[in-house]
Amino acid sequence: MTYDHIFLQHLQSLKAEGRYRIFADLERLVGEAPYALWHSPEGIKRVIVWCSNDYLGMSHHPDVIKAMTDAAERYGAGSGGTRNISGTAHSHVLLENEVANLHGKEKGLIFTSGYIANEATISALGQALPNCVVLSDEKNHASIIQGIRAARCERRVFRHNNLDDLRANLSSLDPKRPKIIAFISVYSMDGDIAPIENICDLADEYNAITYLDEVHAVGLYGPQGAGVAAQLGLQNRIDVIQANFAKAYGIIGGYITGSNSLVDYVRSTASGFIFTTSLPPAVVAAIHKSISILRNDNNLRTQLWQRVTLLKKLLEKSSIPYQSASSHIVPVIVGNAAECQRVTDILRQEYGIYVQPINYPTVPRGQERLRLTVTPNHTPQMIQELTDALEDIWNRLNLCLAA
Ligand SMILES: Cc1ncc(COP(=O)(O)O)c(C=O)c1O
(Lines give C-alpha, C1' and ligand atoms only; values in the text may rest on other atoms or scores of the structure.)
Protein backbone atom coordinates (compact mmCIF):
# COMPACT_ATOMS: atom_id res chain seq x y z
CA MET A 1 0.00 0.00 0.00
CA THR A 2 1.64 3.25 -1.12
CA TYR A 3 -0.89 5.64 0.39
CA ASP A 4 -0.61 4.76 4.06
CA HIS A 5 1.86 7.54 4.82
CA ILE A 6 -0.80 10.09 3.85
CA PHE A 7 -3.28 8.64 6.30
CA LEU A 8 -0.59 8.48 8.95
CA GLN A 9 0.23 12.16 8.45
CA HIS A 10 -3.42 13.07 8.99
CA LEU A 11 -3.51 10.92 12.10
CA GLN A 12 -0.32 12.53 13.41
CA SER A 13 -1.80 16.00 13.11
CA LEU A 14 -4.96 14.87 14.90
CA LYS A 15 -2.76 13.51 17.69
CA ALA A 16 -0.65 16.68 17.81
CA GLU A 17 -3.83 18.74 18.27
CA GLY A 18 -5.01 16.44 21.06
CA ARG A 19 -8.15 15.49 19.15
CA TYR A 20 -7.31 11.96 18.06
CA ARG A 21 -10.38 9.96 19.06
CA ILE A 22 -9.87 7.13 21.50
CA PHE A 23 -12.94 5.01 21.99
CA ALA A 24 -13.72 3.66 25.43
CA ASP A 25 -14.16 -0.08 24.99
CA LEU A 26 -17.19 -0.74 27.21
CA GLU A 27 -19.59 -3.46 28.24
CA ARG A 28 -22.83 -1.96 29.52
CA LEU A 29 -24.39 -4.80 31.47
CA VAL A 30 -28.14 -5.08 31.97
CA GLY A 31 -29.09 -4.40 35.58
CA GLU A 32 -25.80 -2.62 36.34
CA ALA A 33 -26.39 0.82 34.80
CA PRO A 34 -24.91 3.40 35.11
CA TYR A 35 -21.90 1.16 35.74
CA ALA A 36 -20.11 -0.46 32.81
CA LEU A 37 -17.02 -2.56 32.37
CA TRP A 38 -14.21 -0.66 30.68
CA HIS A 39 -11.58 -2.72 28.82
CA SER A 40 -8.72 -0.35 29.61
CA PRO A 41 -5.10 -0.81 28.55
CA GLU A 42 -4.42 -1.97 32.12
CA GLY A 43 -7.26 -4.47 32.21
CA ILE A 44 -10.98 -4.48 32.93
CA LYS A 45 -12.24 -1.73 35.27
CA ARG A 46 -15.71 -0.86 36.52
CA VAL A 47 -16.67 2.73 35.67
CA ILE A 48 -19.73 4.92 36.03
CA VAL A 49 -20.83 6.22 32.64
CA TRP A 50 -21.65 9.94 32.69
CA CYS A 51 -22.07 10.61 28.99
CA SER A 52 -24.63 8.15 27.65
CA ASN A 53 -27.42 9.26 25.36
CA ASP A 54 -29.55 6.42 26.68
CA TYR A 55 -31.08 9.22 28.74
CA LEU A 56 -33.72 7.14 30.49
CA GLY A 57 -31.97 3.77 30.49
CA MET A 58 -34.59 2.35 28.11
CA SER A 59 -32.05 0.15 26.32
CA HIS A 60 -31.98 -1.98 29.47
CA HIS A 61 -35.70 -1.83 30.29
CA PRO A 62 -36.91 -5.42 30.85
CA ASP A 63 -40.10 -4.97 28.80
CA VAL A 64 -38.12 -3.48 25.90
CA ILE A 65 -35.63 -6.34 25.95
CA LYS A 66 -38.49 -8.84 26.11
CA ALA A 67 -40.23 -7.21 23.14
CA MET A 68 -36.98 -7.51 21.20
CA THR A 69 -36.24 -11.13 22.09
CA ASP A 70 -39.86 -12.25 21.57
CA ALA A 71 -39.93 -10.60 18.15
CA ALA A 72 -36.53 -12.06 17.23
CA GLU A 73 -37.81 -15.54 18.05
CA ARG A 74 -40.97 -14.98 16.04
CA TYR A 75 -39.65 -12.98 13.07
CA GLY A 76 -35.92 -13.72 13.04
CA ALA A 77 -32.87 -11.53 13.24
CA GLY A 78 -33.10 -9.49 10.04
CA SER A 79 -35.72 -7.80 7.88
CA GLY A 80 -34.81 -9.56 4.67
CA GLY A 81 -34.61 -6.59 2.35
CA THR A 82 -35.05 -2.95 1.55
CA ARG A 83 -38.48 -1.51 2.26
CA ASN A 84 -39.38 -1.78 -1.43
CA ILE A 85 -38.15 -5.32 -1.97
CA SER A 86 -39.63 -7.66 0.64
CA GLY A 87 -38.25 -5.71 3.62
CA THR A 88 -41.45 -4.02 4.84
CA ALA A 89 -42.61 -5.88 7.92
CA HIS A 90 -45.99 -5.20 9.47
CA SER A 91 -44.12 -3.82 12.49
CA HIS A 92 -42.60 -1.06 10.31
CA VAL A 93 -46.08 0.04 9.27
CA LEU A 94 -47.34 0.04 12.85
CA LEU A 95 -44.35 2.04 14.07
CA GLU A 96 -44.83 4.62 11.33
CA ASN A 97 -48.46 5.01 12.43
CA GLU A 98 -47.30 5.36 16.04
CA VAL A 99 -44.85 8.20 15.39
CA ALA A 100 -47.36 10.03 13.18
CA ASN A 101 -49.88 9.76 15.99
CA LEU A 102 -47.33 10.86 18.61
CA HIS A 103 -46.70 14.11 16.75
CA GLY A 104 -50.25 14.65 15.48
CA LYS A 105 -49.15 14.34 11.85
CA GLU A 106 -50.70 12.57 8.87
CA LYS A 107 -47.81 10.26 8.11
CA GLY A 108 -44.55 8.89 9.49
CA LEU A 109 -41.54 7.28 7.84
CA ILE A 110 -38.75 5.37 9.58
CA PHE A 111 -35.08 5.22 8.63
CA THR A 112 -32.11 3.21 9.83
CA SER A 113 -30.79 6.14 11.89
CA GLY A 114 -31.53 9.73 12.78
CA TYR A 115 -28.54 10.73 10.67
CA ILE A 116 -30.00 9.06 7.61
CA ALA A 117 -33.46 10.50 8.34
CA ASN A 118 -32.01 14.03 8.18
CA GLU A 119 -29.66 13.44 5.29
CA ALA A 120 -32.19 11.60 3.14
CA THR A 121 -35.15 13.87 3.85
CA ILE A 122 -33.44 17.23 3.46
CA SER A 123 -31.66 16.15 0.30
CA ALA A 124 -34.95 14.92 -1.18
CA LEU A 125 -36.86 18.08 -0.19
CA GLY A 126 -34.13 20.36 -1.52
CA GLN A 127 -34.16 18.55 -4.83
CA ALA A 128 -37.96 18.64 -5.14
CA LEU A 129 -38.35 22.38 -4.69
CA PRO A 130 -37.03 24.36 -7.65
CA ASN A 131 -34.35 26.93 -6.71
CA CYS A 132 -34.81 26.11 -3.05
CA VAL A 133 -32.83 27.77 -0.21
CA VAL A 134 -32.24 26.03 3.10
CA LEU A 135 -31.80 28.38 6.05
CA SER A 136 -29.75 26.42 8.53
CA ASP A 137 -28.90 27.22 12.16
CA GLU A 138 -25.13 27.42 12.51
CA LYS A 139 -25.18 24.71 15.20
CA ASN A 140 -27.14 22.21 13.15
CA HIS A 141 -26.03 18.59 13.28
CA ALA A 142 -23.69 17.17 10.63
CA SER A 143 -26.55 15.08 9.20
CA ILE A 144 -28.58 18.22 8.39
CA ILE A 145 -25.54 19.85 6.79
CA GLN A 146 -24.88 16.73 4.72
CA GLY A 147 -28.53 16.69 3.63
CA ILE A 148 -28.26 20.26 2.38
CA ARG A 149 -25.02 19.45 0.51
CA ALA A 150 -26.63 16.43 -1.10
CA ALA A 151 -29.63 18.55 -2.10
CA ARG A 152 -27.20 20.75 -4.06
CA CYS A 153 -29.26 23.80 -3.24
CA GLU A 154 -28.27 27.11 -1.70
CA ARG A 155 -27.54 27.09 2.03
CA ARG A 156 -27.84 30.20 4.18
CA VAL A 157 -26.41 29.71 7.66
CA PHE A 158 -27.97 31.93 10.33
CA ARG A 159 -26.41 32.64 13.70
CA HIS A 160 -27.36 30.18 16.37
CA ASN A 161 -30.92 30.76 17.63
CA ASN A 162 -30.65 34.33 16.32
CA LEU A 163 -34.02 35.58 15.07
CA ASP A 164 -32.67 38.87 13.73
CA ASP A 165 -30.14 37.08 11.59
CA LEU A 166 -32.75 34.59 10.40
CA ARG A 167 -35.07 37.45 9.49
CA ALA A 168 -32.26 39.30 7.71
CA ASN A 169 -31.56 36.21 5.62
CA LEU A 170 -35.21 35.56 4.86
CA SER A 171 -35.91 39.14 3.88
CA SER A 172 -32.94 39.24 1.51
CA LEU A 173 -34.29 36.33 -0.54
CA ASP A 174 -36.63 36.49 -3.49
CA PRO A 175 -40.12 35.95 -1.94
CA LYS A 176 -40.94 33.51 -4.72
CA ARG A 177 -38.09 31.12 -3.92
CA PRO A 178 -39.05 28.02 -1.89
CA LYS A 179 -37.44 28.09 1.56
CA ILE A 180 -36.83 25.55 4.30
CA ILE A 181 -35.81 26.59 7.81
CA ALA A 182 -33.88 23.67 9.34
CA PHE A 183 -33.24 23.74 13.07
CA ILE A 184 -33.09 21.66 16.24
CA SER A 185 -35.20 21.84 19.39
CA VAL A 186 -32.57 20.74 21.96
CA TYR A 187 -29.00 21.42 20.80
CA SER A 188 -26.98 18.47 21.88
CA MET A 189 -23.63 20.07 22.70
CA ASP A 190 -24.86 23.30 24.34
CA GLY A 191 -28.07 21.95 25.79
CA ASP A 192 -29.99 25.09 24.80
CA ILE A 193 -33.45 25.15 23.25
CA ALA A 194 -34.55 26.89 20.05
CA PRO A 195 -37.09 29.75 20.06
CA ILE A 196 -39.48 27.52 18.13
CA GLU A 197 -42.52 29.78 18.21
CA ASN A 198 -40.63 32.82 16.89
CA ILE A 199 -39.07 30.73 14.15
CA CYS A 200 -42.53 29.49 13.16
CA ASP A 201 -43.75 33.11 13.05
CA LEU A 202 -40.91 34.02 10.69
CA ALA A 203 -41.61 30.92 8.60
CA ASP A 204 -45.25 32.03 8.26
CA GLU A 205 -44.23 35.57 7.36
CA TYR A 206 -41.79 34.44 4.67
CA ASN A 207 -43.68 31.33 3.57
CA ALA A 208 -40.97 28.83 4.54
CA ILE A 209 -41.21 25.14 5.42
CA THR A 210 -40.22 24.42 9.05
CA TYR A 211 -37.99 21.36 9.57
CA LEU A 212 -37.35 20.56 13.24
CA ASP A 213 -34.90 17.94 14.59
CA GLU A 214 -36.22 16.67 17.95
CA VAL A 215 -33.62 13.91 18.35
CA HIS A 216 -32.58 15.00 21.86
CA ALA A 217 -36.12 15.85 22.92
CA VAL A 218 -38.43 12.95 22.11
CA GLY A 219 -39.21 10.73 25.08
CA LEU A 220 -38.20 13.52 27.45
CA TYR A 221 -40.23 16.67 26.80
CA GLY A 222 -43.91 17.39 26.24
CA PRO A 223 -47.02 15.31 26.80
CA GLN A 224 -46.24 11.61 26.30
CA GLY A 225 -42.64 12.53 25.46
CA ALA A 226 -43.63 13.98 22.09
CA GLY A 227 -40.89 16.63 22.22
CA VAL A 228 -40.45 20.36 22.76
CA ALA A 229 -42.80 21.43 19.96
CA ALA A 230 -45.53 19.38 21.62
CA GLN A 231 -44.66 20.81 25.03
CA LEU A 232 -45.22 24.30 23.60
CA GLY A 233 -48.35 23.30 21.68
CA LEU A 234 -46.59 24.05 18.38
CA GLN A 235 -46.61 20.67 16.64
CA ASN A 236 -49.10 21.83 14.03
CA ARG A 237 -46.83 24.73 13.08
CA ILE A 238 -43.91 22.46 12.22
CA ASP A 239 -44.05 20.93 8.74
CA VAL A 240 -41.52 18.16 9.34
CA ILE A 241 -40.68 16.79 12.77
CA GLN A 242 -37.62 14.56 12.59
CA ALA A 243 -36.30 12.52 15.52
CA ASN A 244 -34.69 9.22 16.38
CA PHE A 245 -35.11 6.12 18.50
CA ALA A 246 -31.53 6.03 19.78
CA LYS A 247 -31.47 8.58 22.60
CA ALA A 248 -34.31 8.59 25.15
CA TYR A 249 -35.95 5.56 23.48
CA GLY A 250 -32.67 3.68 23.88
CA ILE A 251 -32.58 1.66 20.63
CA ILE A 252 -31.62 2.77 17.09
CA GLY A 253 -33.27 4.25 14.01
CA GLY A 254 -34.71 7.59 12.94
CA TYR A 255 -37.94 9.00 11.53
CA ILE A 256 -39.80 11.92 10.09
CA THR A 257 -43.45 12.89 10.39
CA GLY A 258 -45.39 15.36 8.27
CA SER A 259 -48.13 15.68 5.70
CA ASN A 260 -49.18 12.71 3.57
CA SER A 261 -47.80 14.20 0.38
CA LEU A 262 -44.46 15.37 1.78
CA VAL A 263 -43.71 12.09 3.55
CA ASP A 264 -44.90 10.02 0.60
CA TYR A 265 -42.63 12.05 -1.67
CA VAL A 266 -39.64 11.32 0.60
CA ARG A 267 -40.61 7.64 0.76
CA SER A 268 -40.74 7.52 -3.03
CA THR A 269 -37.53 9.39 -3.83
CA ALA A 270 -35.03 9.62 -0.95
CA SER A 271 -31.98 7.55 -1.73
CA GLY A 272 -31.06 7.01 1.95
CA PHE A 273 -34.51 5.54 2.53
CA ILE A 274 -34.85 3.43 -0.60
CA PHE A 275 -31.46 1.83 -1.15
CA THR A 276 -30.79 0.29 2.24
CA THR A 277 -31.99 -2.68 4.22
CA SER A 278 -34.79 -1.84 6.66
CA LEU A 279 -34.52 -2.13 10.44
CA PRO A 280 -34.94 -5.68 11.78
CA PRO A 281 -38.49 -6.35 13.09
CA ALA A 282 -37.08 -7.24 16.53
CA VAL A 283 -35.49 -3.79 16.73
CA VAL A 284 -38.76 -2.22 15.61
CA ALA A 285 -40.70 -4.16 18.26
CA ALA A 286 -38.32 -2.90 20.96
CA ILE A 287 -38.67 0.68 19.71
CA HIS A 288 -42.44 0.40 19.70
CA LYS A 289 -42.45 -0.92 23.26
CA SER A 290 -40.13 1.85 24.44
CA ILE A 291 -42.32 4.55 22.88
CA SER A 292 -45.48 3.05 24.42
CA ILE A 293 -43.90 2.93 27.87
CA LEU A 294 -42.80 6.56 27.66
CA ARG A 295 -46.14 7.71 26.25
CA ASN A 296 -47.98 6.21 29.19
CA ASP A 297 -45.69 6.79 32.17
CA ASN A 298 -44.10 9.97 33.47
CA ASN A 299 -42.08 8.29 36.22
CA LEU A 300 -38.74 8.03 34.45
CA ARG A 301 -39.03 11.58 33.13
CA THR A 302 -39.78 12.88 36.64
CA GLN A 303 -36.78 11.02 38.07
CA LEU A 304 -34.54 12.33 35.29
CA TRP A 305 -35.49 15.96 35.97
CA GLN A 306 -34.90 15.54 39.71
CA ARG A 307 -31.37 14.27 38.96
CA VAL A 308 -30.69 17.03 36.43
CA THR A 309 -31.71 19.68 38.98
CA LEU A 310 -29.46 18.15 41.64
CA LEU A 311 -26.48 17.90 39.29
CA LYS A 312 -26.79 21.55 38.25
CA LYS A 313 -27.18 22.62 41.88
CA LEU A 314 -24.04 20.77 43.02
CA LEU A 315 -21.98 22.02 40.07
CA GLU A 316 -22.99 25.56 40.98
CA LYS A 317 -22.04 24.97 44.59
CA SER A 318 -18.57 23.78 43.51
CA SER A 319 -18.17 26.68 41.03
CA ILE A 320 -17.61 24.24 38.17
CA PRO A 321 -18.32 26.27 35.00
CA TYR A 322 -21.22 24.55 33.29
CA GLN A 323 -23.27 26.04 30.50
CA SER A 324 -26.59 26.80 32.05
CA ALA A 325 -29.53 25.89 29.85
CA SER A 326 -33.03 24.64 30.44
CA SER A 327 -32.46 21.18 28.99
CA HIS A 328 -31.27 17.90 30.52
CA ILE A 329 -27.81 18.21 28.90
CA VAL A 330 -25.09 19.68 31.14
CA PRO A 331 -21.99 20.89 29.26
CA VAL A 332 -18.96 21.61 31.48
CA ILE A 333 -16.60 23.86 29.54
CA VAL A 334 -12.84 23.22 29.74
CA GLY A 335 -11.82 25.24 26.66
CA ASN A 336 -8.76 23.32 25.57
CA ALA A 337 -8.44 19.89 23.95
CA ALA A 338 -5.40 18.69 25.91
CA GLU A 339 -6.80 19.83 29.26
CA CYS A 340 -10.16 18.30 28.46
CA GLN A 341 -8.42 15.00 27.77
CA ARG A 342 -6.45 15.34 31.01
CA VAL A 343 -9.61 15.91 33.06
CA THR A 344 -11.32 12.88 31.58
CA ASP A 345 -8.19 10.72 32.02
CA ILE A 346 -8.02 11.57 35.72
CA LEU A 347 -11.75 11.00 36.14
CA ARG A 348 -11.48 7.57 34.60
CA GLN A 349 -8.22 6.41 36.14
CA GLU A 350 -8.60 7.80 39.65
CA TYR A 351 -12.34 8.02 40.19
CA GLY A 352 -13.77 5.30 37.96
CA ILE A 353 -15.87 7.94 36.18
CA TYR A 354 -16.16 7.82 32.40
CA VAL A 355 -16.93 11.04 30.48
CA GLN A 356 -15.85 11.36 26.85
CA PRO A 357 -14.02 14.63 26.05
CA ILE A 358 -15.82 16.62 23.34
CA ASN A 359 -13.45 18.30 20.90
CA TYR A 360 -13.37 20.06 17.52
CA PRO A 361 -15.10 19.58 15.08
CA THR A 362 -18.00 18.50 17.30
CA VAL A 363 -17.61 21.86 19.10
CA PRO A 364 -15.55 24.91 18.00
CA ARG A 365 -11.90 25.06 19.10
CA GLY A 366 -11.60 26.73 22.49
CA GLN A 367 -14.95 25.31 23.59
CA GLU A 368 -13.82 21.77 24.38
CA ARG A 369 -15.99 20.32 27.06
CA LEU A 370 -17.36 17.47 29.09
CA ARG A 371 -20.93 16.80 28.12
CA LEU A 372 -22.56 15.35 31.22
CA THR A 373 -25.75 13.38 30.97
CA VAL A 374 -27.44 12.10 34.08
CA THR A 375 -30.01 9.30 34.02
CA PRO A 376 -32.59 7.99 36.52
CA ASN A 377 -29.99 5.31 37.37
CA HIS A 378 -27.50 7.83 38.75
CA THR A 379 -28.08 8.10 42.51
CA PRO A 380 -27.79 11.38 44.44
CA GLN A 381 -24.61 9.95 45.98
CA MET A 382 -23.08 9.35 42.55
CA ILE A 383 -23.94 12.92 41.59
CA GLN A 384 -22.25 14.19 44.74
CA GLU A 385 -19.16 12.04 44.03
CA LEU A 386 -18.95 13.33 40.48
CA THR A 387 -19.07 16.98 41.51
CA ASP A 388 -16.55 16.36 44.35
CA ALA A 389 -14.19 14.73 41.83
CA LEU A 390 -14.56 17.64 39.41
CA GLU A 391 -13.92 20.16 42.17
CA ASP A 392 -10.76 18.30 43.16
CA ILE A 393 -9.49 18.09 39.55
CA TRP A 394 -10.34 21.73 38.84
CA ASN A 395 -8.21 22.75 41.84
CA ARG A 396 -5.34 20.40 41.00
CA LEU A 397 -5.12 21.53 37.38
CA ASN A 398 -5.83 25.12 38.24
CA LEU A 399 -8.71 25.34 35.76
CA CYS A 400 -11.02 28.33 35.50
CA LEU A 401 -13.85 28.33 38.01
CA ALA A 402 -17.25 29.86 37.38
CA ALA A 403 -17.37 33.57 38.13
C1 LIG B 1 -29.27 16.71 16.64
C2 LIG B 1 -28.98 15.35 16.08
N3 LIG B 1 -29.62 14.98 14.97
C4 LIG B 1 -29.39 13.77 14.43
C5 LIG B 1 -28.51 12.87 15.00
C6 LIG B 1 -28.29 11.53 14.37
O7 LIG B 1 -29.04 10.56 15.05
P8 LIG B 1 -28.58 9.02 15.04
O9 LIG B 1 -27.58 8.87 16.14
O10 LIG B 1 -29.84 8.28 15.27
O11 LIG B 1 -28.00 8.76 13.70
C12 LIG B 1 -27.85 13.21 16.17
C13 LIG B 1 -26.91 12.24 16.77
O14 LIG B 1 -26.29 12.36 17.75
C15 LIG B 1 -28.06 14.50 16.72
O16 LIG B 1 -27.42 14.89 17.81
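Here the structure is a predicted model, which means the values were calculated and not measured.

## Brief notes about the nonpolar core
Item 1. Formed by 115 residues in total, the largest nonpolar core has its most connected members in Trp50, Ile181, Leu370 and Leu372.
Item 2. Mapping this core onto the domain boundaries places at least three of its residues in each of domain 1 (24-53 + 298-396) and domain 2 (62-296).

## Brief notes about the sheet that holds strand E2 (residues 35-40)
Item 1. Ordered by their spatial adjacency, four strands build an open sheet running E1-E2-E3-E12, and the pairing between neighbours is mixed. Of all the strands in the sheet, just strand E1 (26-27) and strand E12 (353-354) have a single pairing partner and so form its edges.
Item 2. Judged from the six bridges that link them, E2 and strand E3 (residues 43-49) form a sheet pairing that is antiparallel. Counted as the bridge partner of alanine 36 is valine 47 from E3.

## A closer look at the side chain of asparagine 244
Item 1. For asparagine 244, the location among the structural elements is in strand E9 (residues 240-244).
Item 2. Here the side chain of asparagine 244 touches alanine 246 through a polar contact of 3.3 Å, landing on its backbone nitrogen.
Item 3. If near-sequence neighbours (up to four positions away) are discounted, asparagine 244 is found in contact with Gly114, Val215, Val218, Tyr249, Gly253, Gly254 and Tyr255.

## Quick word on helix H7 (residues 196-205)
Item 1. Considered for burial, the residues of H7 that qualify are Ile196, Ile199, Cys200, Leu202 and Ala203. For H7, the arc enclosing every buried residue in end-on projection is 160°, short of the 170-degree limit, so these residues lie on one face.
Item 2. Buried residues along H7 sit in contact with helix H6 (163-171), strand E7 (179-184), strand E8 (208-213) and helix H8 (228-231).
Item 3. Looking at the residues trailing H7, positive phi occurs at asparagine 207, about 55°.

## Focus: the domain arrangement of the chain
Item 1. Each assigned domain of the chain is listed here: domain 1 (24-53 + 298-396) and domain 2 (62-296).
Item 2. For domain 1 and domain 2, the distance between their C-alpha centres works out to 28 Å.
Item 3. Residue-level contacts link 19 residues of domain 1 with 20 residues of domain 2.
Item 4. Between domain 1 and domain 2 lies a buried interface of about 1500 Å² when both sides are counted; carbon and sulfur atoms form 55% of it.

## Here we look at the packing of aromatic side chains
Each aromatic ring pair is characterised by the separation of its centres together with the angle its planes make.
Item 1. This model, assessed by the stated rule, comprises four aromatic pairs.
Item 2. Consider the rings of tyrosine 221 and tryptophan 305, whose centres lie 5.3 Å apart with planes at 75°: the pair is edge-to-face. Residue tyrosine 221 is located in the loop between E8 and H8, and its partner tryptophan 305 is located in helix H12 (residues 299-317); the two are separated by 84 residues in the primary sequence.
Item 3. Judged by its relative accessible area of 3%, tyrosine 221 falls in the buried class.
Item 4. Tryptophan 305 sits in the partly exposed class, given a relative accessible area of 25%.

## Overview of the sheet that holds strand E13 (residues 357-358)
Item 1. What the three strands build is an open sheet, ordered E11-E14-E13; its pairing is antiparallel. For this open sheet the edge positions go to strand E11 (329-333) and E13, each flanked by a neighbour on one side alone.
Item 2. With five bridges connecting them, E11 and strand E14 (residues 369-373) associate as antiparallel partners. Along E14, the bridge assignment pairs proline 331 with arginine 371.
Item 3. Contacts from H12 reach E11 and E14 within the one sheet, and its direction differs from that of E11 by about 20°.
Item 4. Set on the sheet, helix H13 (residues 337-351) makes contact with E13 and E14; between it and E14 the angle comes to about 45°.

Rules used throughout
- Sequence order sets the numbering: in each chain, residues are counted from 1 along the sequence as written.
- Totals for whole chains, interfaces and linings use all residues, but because this is a predicted model, local features are given only for residues with pLDDT of at least 70 and pairs of side-chain atoms are given and counted only at 80 or more.
- In computing side-chain values, all of the structure's heavy atoms are included and hydrogens and water are not.
- We call a set of buried Ala, Val, Leu, Ile, Met, Phe, Trp, Tyr and Cys residues a nonpolar core when their side-chain atoms join them within 4.5 Å.
- Relative accessibility decides the category of a residue: with a 1.4 Å probe and only protein chains considered, values under 20% of the type maximum give buried, values over 50% give exposed, and everything between is partly exposed.
- These domain limits were set by an automatic method or by a database of domain assignments.
- The pairing criterion for strands is at least two bridges between them, as found by DSSP.
- The secondary structure listing takes helices from DSSP runs of H or I that are at least 4 residues long and strands from runs of E that are at least 2 residues long, numbered from the N terminus.
- Two N or O atoms count as a polar contact when they lie within 3.5 Å, although within protein this holds only if one can serve as hydrogen donor and the other as acceptor, and sequence-adjacent residues are included solely when both atoms are side-chain atoms.
- We call two residues in contact when some of their heavy atoms are within 4.5 Å.
- What the arc covers is the set of directions going from the helix axis to the C-beta atoms.
- Buried surface area refers to the total accessible area, computed with a probe of radius 1.4 Å, that the two partners give up upon joining, counted for both partners together.
- Stacked, tilted and edge-to-face are the three classes assigned to paired rings of Phe, Tyr and Trp, where Trp is represented by its six-membered ring and a pair needs centres within 6.5 Å; plane angles under 30 degrees give stacked, over 60 edge-to-face, the rest tilted.
- Here an angle of 0 to 180 degrees is reported between the N-to-C directions of two axes, which are lines fitted to C-alpha atoms, with helices fitted over the stretch in contact.

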